[in-house]
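# A closer look at the structure
The chain contents come next:
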Amino acid sequence: MHTKAFVFPKESDNSFVTLTAQLTKPLKAFTVCLHVYTDLTRDYSLFSYATRQQHNEILLFKGKTGVYSVSVGGADVFFKPPESSPAPMHFCVTWESTSGITELWVDGKPMVRRSMKRGYSLGTEASIVLGQEQDAFAGGFDKNQSLVGDIGDVNMWDYVLSPEEINTVYAGGTFSPNVLDWRALKYKTYGEVFVKRQLWP
């Protein structure tokens, strides 16, 4: 999938991509990074990781007011990056159980840190979906929360990347992602989803 992206060309409740993660033990920390390009002004999901016990085990979600919510274990924190005209955007979300510290990085710049779910462990039997928000395990989709646009460079680690590492990822580098690796991605597409060349450098 190197230099490729998933393209969701229209609103739907049946177009999505499932990703298979390499997970053997509950997660005490994570970093998820991805590129997205959309001109949607309504709510939409960027990354949805559900378990049978918790549909919003990890969720990165954009609200129509320009506020991004990050969910871990069903709890939410909110970030409001500066507004920008439609352009490819790069996001990294980090969380670690020891302190509950949660970070959102937008285009290589950190938002003010938040904290949630201190001491929590993330479940491993996960349904990971791009393009839709899961309101049930591997389902419960709503077309009004679907992504219309491109998503790519989706990588996930079972630890928190350092600021220097996040900036390297933003610049196009990689650090051997050990949960989801875009360059060796195991995925399945459903509905109208296309794999095309990325529109960002």
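About the cut-offs
- Residues numbered from 1 in each chain as written.
- Predicted model: local features only at pLDDT ≥ 70, side-chain atom pairs only at ≥ 80, totals over all residues.
- Heavy atoms only, no water.
- UniProt positions renumbered as here; feature names shortened; annotations may be inferred.
- Salt bridge = Lys/Arg side-chain N within 4 Å of Asp/Glu carboxyl O.
- Helix = DSSP H or I, 4+ residues; strand = E, 2+ residues; numbered from the N terminus.
- Buried < 20%, exposed > 50% of the residue type's maximum accessible area, 1.4 Å probe, protein only.
- Contact = heavy atoms within 4.5 Å.
- Pairing = 2+ DSSP bridges.

As annotated in an unreviewed UniProt entry, the protein is Pentraxin family member from Balaenoptera musculus. We quote the UniProt Subunit (unreviewed entry) comment for the protein here in full: "Homopentamer. Pentaxin (or pentraxin) have a discoid arrangement of 5 non-covalently bound subunits."

## Observations regarding the pattern of salt bridges
One pass over the full model with this rule turns up five salt bridges. Of the charged contacts, one joins Glu 192 and Lys 10 as a salt bridge, the two residues approaching to 2.8 Å between their closest N and O atoms. Placement of Glu 192 in the loop between strand E14 (187–190) and strand E15 (194–197) and of Lys 10 in the loop between strand E1 (4–8) and strand E2 (16–19) is noted, with a sequence separation of 182 residues between them. With a relative accessible area of 34%, Glu 192 lands in the partly exposed category. Classification of Lys 10 as partly exposed rests on a relative accessible area of 47%. Here Glu 103 makes a salt bridge to Arg 113, at a shortest N to O gap of 2.8 Å. Note that Glu 103 is positioned in strand E9 (residues 101–106) and Arg 113 in the loop between strand E10 (109–110) and strand E11 (114–115), a separation of 10 residues in sequence. Its relative accessible area of 10% is what places Glu 103 among the buried residues. Residue Arg 113 is classed as exposed on the basis of its relative accessible area of 54%.

## Description of the environment of Gly 100
Residue placement: Gly 100 occurs in the loop between strand E8 (89–96) and E9. The spacing of Gly 100 and Glu 11 is 89 residues in sequence and 34 Å in space, taken between C-alpha atoms. Beyond its immediate chain neighbours, meaning those up to four positions away, Gly 100 contacts Trp 95, Arg 114, Ser 115, Met 116 and Arg 118.

## Remarks on the pairing of strand E5 (residues 58–62)
Among the five residues in E5, five count as buried, and that is most of the element. Of the two faces of E5, the one holding Ile 58, Leu 60 and Lys 62 and the one holding Leu 59 and Phe 61 are both buried throughout. With five bridges joining them, strand E4 (residues 44–50) and E5 adopt antiparallel strand pairing. Looking across to E5, one finds that Tyr 49 is bridged to Ile 58. With five bridges joining them, E5 and strand E6 (residues 68–72) adopt antiparallel strand pairing. For Lys 62, the partnering residue across the bridge sits in E6 and is Tyr 68.

## Describing the UniProt feature "domain: Pentraxin (PTX)" (unreviewed entry) in the protein
Annotation from UniProt places "domain: Pentraxin (PTX)" (unreviewed entry) at residues 2–201. The span residues 2–201 is 4% helical and 40% strand by assignment, and the distance between its end C-alpha atoms comes to 12 Å.

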